[in-house]
Each structure stands twice: as C-alpha cells, then as structure tokens.
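# Coordinate analysis (summary)
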Amino acid sequence: MATIKVRKDGPYLVTGGAEITDAEGNPIEAKNNDNFALCRCGKSQNKPFCDGAHSVTGFTDGK
Ligand code: FES
C-alpha cells in the first residue's frame, strides 16, 4: 500500500509504489517508482517531482 507523507515545508513523500500519469493519462516514470517526492511548492524544474527548489525559495506550508 502506498503511503504519502506530507513533509513540513516540503514535498509529498510517496513510498510503497504508485503509478504517476500526466493530465492525459500518459505514464510518467520516476527514477524509483517505489519511493519518490512530489513537488508541493510549484517551483520544481522537474515537475511533478521535487527537485529541492522548495528549500531555496522559502516555501512554507503555513503551519
Ligand atoms: S516541494 Fe520540493 S521543489 Fe517543490
């Protein structure tokens, strides 16, 4: 079963595997489909994956 952990001021960490598709349903391959991080800040240059940009842009989740 996939687990999604919301990191404070960071991405969604997906563990346990999940299929990723674009808006048209085309598959998107992660480097590791079992464990990956999805961008939550909107600043990644590699969407939908986190590239660490959240840490340099000062993204906060407001909590
Ligand atoms: S959450 Fe990491 S780059 Fe957006």
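Here, the structure is the one placed above.
Presented here is an overview of the structure given in this document. Everything quoted here is computed from the prediction, not taken from an experiment. (Residues numbered from 1 in each chain as written. Predicted model: local features only at pLDDT ≥ 70, side-chain atom pairs only at ≥ 80, totals over all residues. Heavy atoms only, no water.)

### A look at the sheet that holds strand 3 (residues 35-38)
Sheet strands line up and pair through hydrogen bonds in the backbone, either parallel or antiparallel. Here is the rule: Being paired, for any two strands, means DSSP has found at least two bridges between them. For helices the rule is a DSSP run of H or I covering at least 4 residues; for strands it is a run of E covering at least 2, with both sets numbered from the N terminus onward. Axis angles are defined between N-to-C directions and span 0 to 180 degrees, where every axis is a line fitted to C-alpha atoms and, for a helix, only to the segment in contact.
The strand order across the open sheet built from 3 strands is 1-2-3, with neighbouring strands paired in antiparallel fashion. Two strands in the sheet have a free side with no partner beyond their single neighbour: strand 1 (3-6) and strand 3. When the angles between neighbouring strand axes are averaged without regard to direction, this sheet yields 20 degrees.

### Let's talk about the side chain of histidine 54
Convention followed: In this description, contact between two residues means that some pair of their heavy atoms is separated by no more than 4.5 Å.
With respect to the secondary-structure elements, histidine 54 resides in helix 1 (residues 53-57). In this view, histidine 54 contacts Asp9, Gly10, Pro11, Cys41 and Phe59; residues no more than four positions away in its chain are not counted.

### Section: the pairing of strand 1
Walk down a regular strand and you will see the side chains alternate between the two sheet faces. By the bridge criterion, 4 bridges tie strand 1 to strand 2 (residues 12-15) in an arrangement that is antiparallel. For lysine 5, the partnering residue across the bridge sits in strand 2 and is leucine 13. Between strand 1 and strand 2, which follow one another and run antiparallel, lie 5 residues, and aspartate 9 among them has a positive phi close to 55 degrees.

### Section: the environment of arginine 40
Rules: The definition of a polar contact used here is a pair of N or O atoms within 3.5 Å, where within protein one atom must be able to donate a hydrogen and the other to accept one, and adjacent residues in sequence count solely through side-chain atom pairs.
The topology assignment puts arginine 40 in the loop between strand 3 and helix 1. For the pair arginine 40 and alanine 18, spaced 22 residues apart in sequence, the C-alpha separation works out to 17 Å. With sequence-adjacent residues up to four places away left out, arginine 40 is seen in contact with Val6, Arg7, Lys8, Asp9, Gly10, Pro11, Tyr12, Phe59 and Asp61. Reaching out from arginine 40, the side chain makes a polar contact with the backbone oxygen of glycine 10 at a distance of 2.9 Å.

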